[in-house]
Amino acid sequence: MKKYYITTPLYYVNYKPHIGHAYTTLAADVLSRFLKSKGIAVYFQTGTDEHGSNIEKTARQFNKEPKQWADEIMSEFKNLWKTLHIEYDYFIRTTDKNHEEQVQNIFEKMIENGDIYLGYYEGLYCQSCENYLDESELIDGKCPIHKKEVEKIKEETYFFKLSKYEKPLLEYYKKNPEFLSPSYRAGEIINFVQSGLKDISVSRTKVAWGIQVKSNPKHTIYVWFDALINYITGPGYRTDGSSSQFNEVWPCDVHLVGKEIFRFHAIIWPAILMSIGVKLPKKVYAHGWWTVEGEKMSKSKGNIINPQDIVQEYGLDAFRYFIFREVPFGQDGDFSLSAFKTRYNSELANDLGNLFSRTINMINKYLNSSMPDKPYNSQTFSQLYSSQTEIEKDMYSLQFSSALDKIWKNISILNKKIDTEKPWEMAKTDKEKVKFFLYEMVWSLRLIASWIYPFMPDTSTKMQMYLSVGQIGDSKKVEPLFPRKL
Ligand code: MSP
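What counts and what doesn't
- Residues numbered from 1 in each chain as written.
- Predicted model: local features only at pLDDT ≥ 70, side-chain atom pairs only at ≥ 80, totals over all residues.
- Heavy atoms only, no water.
- Helix = DSSP H or I, 4+ residues; strand = E, 2+ residues; numbered from the N terminus.
- Buried < 20%, exposed > 50% of the residue type's maximum accessible area, 1.4 Å probe, protein only.
- Contact = heavy atoms within 4.5 Å.
- Areas by Shrake-Rupley, 256 points an atom, 1.4 Å probe, with all protein chains shown as cover.
- Lys, Arg positive; Asp, Glu negative; His and termini not counted.
- Charge placed at Lys NZ, Arg CZ, Asp CG, Glu CD.
- Phe/Tyr/Trp six-rings, centres within 6.5 Å; stacked < 30°, edge-to-face > 60°.
- Lys NZ or Arg CZ within 6 Å of the ring centre and 35° of its normal.
- Pairing = 2+ DSSP bridges.
- Core = buried A, V, L, I, M, F, W, Y, C linked by side-chain atoms within 4.5 Å.
- Near = heavy atom within 4 Å.
- Polar contact = N/O pair within 3.5 Å; in protein donor to acceptor, adjacent residues only side chain to side chain.
- Nonpolar A, V, L, I, M, F, W, Y, C, P; charged D, E, K, R; others polar.

The helix and strand inventory of the protein chain stands at 19 helices and 14 strands. In terms of principal-axis extent, the alpha carbons of the protein chain reach across some 90 × 45 × 40 Å. Burial analysis of the protein chain (486 residues in total) assigns 56% to the buried set. When contacts within the protein chain are restricted to residue pairs at least 6 apart in sequence, those whose partners lie at least 24 apart make up 78%. Here the protein chain has roughly 21600 Å² of accessible surface; of this, 51% comes from carbon and sulfur atoms. Counting 63 positive and 60 negative side-chain charges, the protein chain places the averaged centre of each group 4 Å from the other.

Let us now look at the packing of aromatic side chains. Across all of its chains, the model carries 42 aromatic pairs by this definition. The positively charged end of Arg 263 is found above the aromatic ring belonging to Phe 192, 4.0 Å away from the centroid. Its end group placed over the ring of Tyr 314, Lys 485 keeps NZ or CZ at 5.7 Å from the ring centre.

The next thing to look at is the sheet that holds strand β3 (residues 90-93). Here six strands make up an open sheet; going across it, the order is β3-β2-β1-β11-β12-β7 and the pairing parallel. With partners counted over all chains shown, the strands left at the sheet margins are β3 and β7 (180-181), one partner each. Bridging between strand β11 (residues 254-258) and strand β12 (residues 284-287) involves four bridges; their strand directions are parallel. Residue pairing in the sheet places His 255 in a bridge with Val 284 of β12.

Pairing between sheet strands relies on hydrogen bonds along the backbone, with the strands arranged either parallel or antiparallel. Across the sheet, four strands lie side by side as β5-β4-β6-β8; this open sheet has antiparallel pairing. Edge strands, defined here as strands with exactly one partner in the open sheet, are β5 (131-133) and β8 (200-201).

Attention now moves to the nonpolar core. Counting residues in hydrophobic clusters, the biggest one holds 96 residues, and the most contacted among them are Phe 319 and Phe 324. Sorting elements by how many residues they give to this core places helix α18 (residues 431-452) first, with 13 residues. Those residues in contact with Phe 324, other than ones at most four positions away along the chain, are Tyr 23, Leu 26, Ala 27, Val 30, Phe 329, Phe 400, Ser 401, Leu 404 and Phe 455. Membership of the second largest hydrophobic core comes to 54 residues, among which are Tyr 158, Val 213, Tyr 237 and Val 284.

Taken together, 22 residues sit near the ligand, with Leu 10, Thr 24, Asp 49, Glu 260 and Trp 290 positioned nearest. A distance of 3.4 Å is found between a nitrogen atom of the ligand and a backbone nitrogen or oxygen belonging to Gly 20. At 2.9 Å from an oxygen atom of the ligand is found a main-chain nitrogen or oxygen belonging to Gly 258. Elements that contribute at least two residues to the shell around the ligand include exactly β1 (4-12), α1 (19-37) and α7 (223-228). Considering every element that reaches the shell around the ligand, the biggest residue donor is β1, with four residues. Looking at the shell around the ligand, its residues break down into twelve nonpolar, eight polar and two charged.

This part is about unusual backbone geometry. Of note, the amide linkage connecting Ser 181 to Pro 182 takes the cis form, showing an omega dihedral of -10 degrees. Looking at where Pro 182 falls in the secondary structure, it is placed in the loop between β7 and α6 (186-194). The omega angle of the peptide bond from Trp 250 to Pro 251 is 0 degrees, so this bond is cis rather than trans. Mapped onto the elements of the fold, Pro 251 is located in the loop between α9 (244-249) and β11.

Structure, rendered in structure tokens:
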């Protein structure tokens, strides 16, 4: 059976990972955990992009060889994924021998089929993008992303015949409207392709730290060409016949990317695949960008958020919750500590945390700590359960904030139920009634716990442990799920 294949971009090993990298990787983890909980087999791949002159330069600044530098930063990424409880299946590095070999083979295959040819390139180059830019893309003569001067460069280079794929790409977009996601980002790509694609330069003679062209080693392969191919080399594509694992995962179900690299994934990547006769991915989903307290993150401003710091202060699940609740997945958003704290105290400590501890405390008090069986004919439970289809629909379509919104509406229904039905008064007069009431609460909370699992796996597990059938709860006071923060 085919597995559901999810990817993140391969992150540059320039500097340590930050909240932006964590965001995409957590999104992949949330989706993956959700699908697995539905019994769907998943293959989730992430990794690091390690070649190119930027990385070489950074390494030299620190008096390191590029590979040694890459090893160090790569470990920082792996450590962060561990801290964030990211359950990926495979971590690929572009310096992996197998990847390097396959990239070389693919390059040769495309020289043979005529899609890659030798020529000269003269153009405006942005060092930070590692990409040539068109005059029309510049703002005040500078790169629109990095706001840096571009250089005029002339060099011998191999070209990829991207122009040949203009029509086939437009046809693919038309036949597969979900390929360019979210749909509000599709127009930008379609317009760009419609306005005409030029062949692109895919090798460098001036960059030493890269994969050499096998038949002409003075050229190294353009980093983007090298990196994009990871999506097939990781799961086992070989030019001389793919592994059985490859056929189990390809075509990819969703490439998660930030909006700034949407074009590479929506245009160049499918064109490479068409050239080598590999099926195209089903979807590229481009999410928005985080700013911090209203500003772009940058080393010079010193405002880069390290997720480890937030996790240390507020706990992992609060971080995982916040980034998906605060901003609809797809749009830009701002990370502010005051917004974080407000949501933490009101939605986690108060809404969910209190609901849970109130319920457990009442079970200890009124049911002698024994967990109840399923309440038949519970209207509350049925009402909650009826929103599951909509929540799942949101999850399948990566509308994470909308799913969380629906879950929290249900949490507030349960809180209201306690406030209006006042079980402590029932307990004085009608033992059976309070029992039924608590049965309803427990079953409803189990549902909530299963819904929050992809976002907050630890909290979900903790809740389910306390709420498991037949277990005698600890009659000591239950620890708050989310201790209040001043
Ligand atoms: N190496 C390329 C990708 C190659 S994929 C074949 C690259 N690397 S990167 O390290 O710059 O990572 C970019 C990605 O990190 C973005 O596309 C996004 O997924 C994530 N983010 C980095 N900063 C971000 C924000 N400020 N906000 C949200 N996500 C951002 O590009």
